[in-house]
Amino acid sequence: NKSVRTMRVLALLLLVPPIHAGYAPQQAPKLPKGFCPPETGDVTATTGECMCHWQHKDGCVGSKCEYQMGLSWYHYTCEDCKCIKEP
């Protein structure tokens, strides 16, 4: 039946975008000069985030710092964020 085939194709097309939603981009964004100094953090390969060396809730200071699952980091779009050296 043509309508059943059409429904199957439509269902498949609707399921494809969520499958790829969890993947990181293939190319890194253009990062601002001085982003994530190597003394205090490491830049992720493609997501434009700075992973702080001091993995502590106080390892990053700024308006958009993140601390989840024991990791402290910030995104390159946060202009006032920076990693702190471990005391």
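Caption draft 1: Representation of the pairing of strand E2 (residues 49-52) within the structure. Of the two faces of E2, the one holding Cys-50 and Cys-52 is buried and the one holding Glu-49 and Met-51 is not buried anywhere. Bridge count between strand E1 (residues 41-43) and E2: three bridges; the pairing is antiparallel. Of the residues in E2, the one forming a bridge with Asp-42 is Met-51. Where E1 hands over to E2, the hairpin turn is made up of five residues, of which Gly-48 adopts a positive phi near 70°.

Caption draft 2: View of unusual backbone geometry. Residue Cys-36 is not a glycine yet carries a positive backbone phi of 55°. In this fold, Cys-36 is placed in the loop between helix H1 (2-20) and E1. Positioned with a positive phi, Met-69 is a non-glycine residue whose angle comes to about 50°. With respect to the helices and strands, Met-69 occurs in the loop between strand E4 (66-68) and strand E5 (71-75). Judged by relative accessible area, Met-69 falls into the exposed class, the value being 83%.

Scoring rules and cut-offs
Residues numbered from 1 in each chain as written. Predicted model: local features only at pLDDT ≥ 70, side-chain atom pairs only at ≥ 80, totals over all residues. Heavy atoms only, no water. Buried < 20%, exposed > 50% of the residue type's maximum accessible area, 1.4 Å probe, protein only. Helix = DSSP H or I, 4+ residues; strand = E, 2+ residues; numbered from the N terminus. Pairing = 2+ DSSP bridges.

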